[in-house]
Amino acid sequence: MRFLRFFLLAVVLLASPLPIRAADSTRADLVAAILREDVDQQLELIKKLADTDEPIVTQVLAAWRLSEVYLYEQDDKKIPFLLDPQLNSDGEAKGLRIVDGSVLNDAEGKPIWFASFDLTPADNNSKLRIAIKATLDFFSLSDANPKVRRDATIKLGQAQNLEYIPNFEAKLKKETDTETIRALKEAVALTQLTDEKKETRIAALKQLGVLRSINSMNFLEDFLKKTKEETKTDRADERKQAE
């Protein structure tokens, strides 16, 4: 199983080589997210990465989610790295530092070769894996193909996760494609149907009406059904209080 996952990661890396000059701040955020011991801080850093356009983000996060980001301790410091897809005759691979893409060397400046049994994966609990998946999905909103951006937006909007709204609104400020802009507005409104504030839910309902959103029909049916049930409950409570 480990060999299969390594093989799949190697294919990805060969198809999209690890960028050597990605933005330093992006690499720093990736390293910080991997090394932080506080899960909440890790989650915040992972969410922040959704706003970047660096290909290294998808490469590292996808690897991390599959337990293919590793840690090497050197001079009392933990260094996150990925494996170079190129293997030597013994089936060993060099380590590529996530912080700058350089080869991981020993104290004498020679490349360190890693065998599969030498590897220590970075922690990735279920919370982190869920956050990583969401960030990878949001990364699709920066795809060069507007249809990919639109489809990714529709998918994320259907999750109705209120934490996604800031991401949608941030993308709205940059988006230029008409269909994707519509999808982003729809995603915001669809998500706001789950807001605790009644006025927000009403405004969202009106927005979906203006957009004539077909994608939201099933969600609107559920919303109306739930609203009717809540209304019946409220009226029943009022009658009890009146008695």
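These numbers were taken from a predicted model, which means no experiment stands behind them.

1. What to know about the overall build of the protein chain
So, point 1. In terms of helices and strands, the protein chain carries 10 helices and four strands.
So, point 2. Listing the helices and strands of the protein chain from first to last along the sequence gives α-α-α-α-β-β-β-β-α-α-α-α-α-α.
So, point 3. Looking at the 243 residues of the protein chain, the share that counts as buried comes to 40%.
So, point 4. Taking the intrachain contacts of the protein chain between residues at least 6 apart in sequence as the baseline, contacts between residues at least 24 apart amount to 58%.
So, point 5. Just so you have it, the protein chain exposes about 14800 Å², and 51% of that area is on carbon and sulfur atoms.

2. Some thoughts on the packing of aromatic side chains
So, point 1. Applying the stated rule across the entire model yields six aromatic pairs.
So, point 2. For the ring pair Phe 81 and Phe 114, a centre distance of 4.7 Å and an interplane angle of 25 degrees mean the geometry is stacked. In this pair, Phe 81 is assigned in strand 2 (residues 77-87) and Phe 114 in strand 4 (residues 113-114), connecting sequence segments 33 residues apart. Each member of the pair, Phe 81 as well as Phe 114, carries the same accessibility label: buried.
So, point 3. Here the aromatic rings of Phe 138 and Tyr 164 are separated by 4.9 Å at their centres, their planes lie at 90 degrees, and the arrangement is edge-to-face. One end of the pair, Phe 138, is in helix 5 (residues 126-139); the other, Tyr 164, is in the loop between helix 6 (146-157) and helix 7 (165-174), with 26 residues separating them in the sequence.

3. Digging into the environment of Asp 24
So, point 1. Following the sequence through the fold, Asp 24 ends up in helix 2 (residues 24-35).
So, point 2. Residues Asp 24 and Val 99, 75 residues apart in the sequence, show an inter-C-alpha distance of 7.7 Å.

4. Things to note about the pairing of strand 3 (residues 93-97)
So, point 1. Along strand 3, four of the five residues are buried, which leaves the element largely enclosed by surrounding structure.
So, point 2. Looking at chain direction, strand 2 and strand 3 are connected through four bridges and run antiparallel. Within strand 3, the residue paired with Phe 81 across the bridge is Arg 97.
So, point 3. Once strand 2 ends, the chain turns through five residues before running back antiparallel as strand 3, passing Gly 91 with a positive phi of about 80 degrees.
So, point 4. Relative to strand 4, strand 3 runs antiparallel, the two sharing two bridges. Note that in strand 4 the partner of Ala 93 across the bridge is Phe 114.

5. Digging into the packing of helix 3 (residues 39-48) against helix 5
So, point 1. Two elements in contact, helix 3 and helix 5, have axes whose closest approach is 9 Å; the angle formed by their N-to-C orientations is 10 degrees. Comparing their axes, helix 5 and helix 3 come out roughly parallel. Between helix 3, through Val 39, Gln 42, Leu 43, Ile 46 and Lys 47, and helix 5, the contact on the second element is made entirely by Lys 127, Leu 128, Ala 131, Ile 132 and Thr 135.

What counts, and at which threshold
Residues numbered from 1 in each chain as written. Predicted model: local features only at pLDDT ≥ 70, side-chain atom pairs only at ≥ 80, totals over all residues. Heavy atoms only, no water. Helix = DSSP H or I, 4+ residues; strand = E, 2+ residues; numbered from the N terminus. Buried < 20%, exposed > 50% of the residue type's maximum accessible area, 1.4 Å probe, protein only. Contact = heavy atoms within 4.5 Å. Areas by Shrake-Rupley, 256 points an atom, 1.4 Å probe, with all protein chains shown as cover. Phe/Tyr/Trp six-rings, centres within 6.5 Å; stacked < 30°, edge-to-face > 60°. Pairing = 2+ DSSP bridges. Axes fitted to C-alpha atoms, helices over the stretch in contact; angles between N-to-C directions. Parallel < 35°, antiparallel > 145°, perpendicular 65-115°, else oblique.

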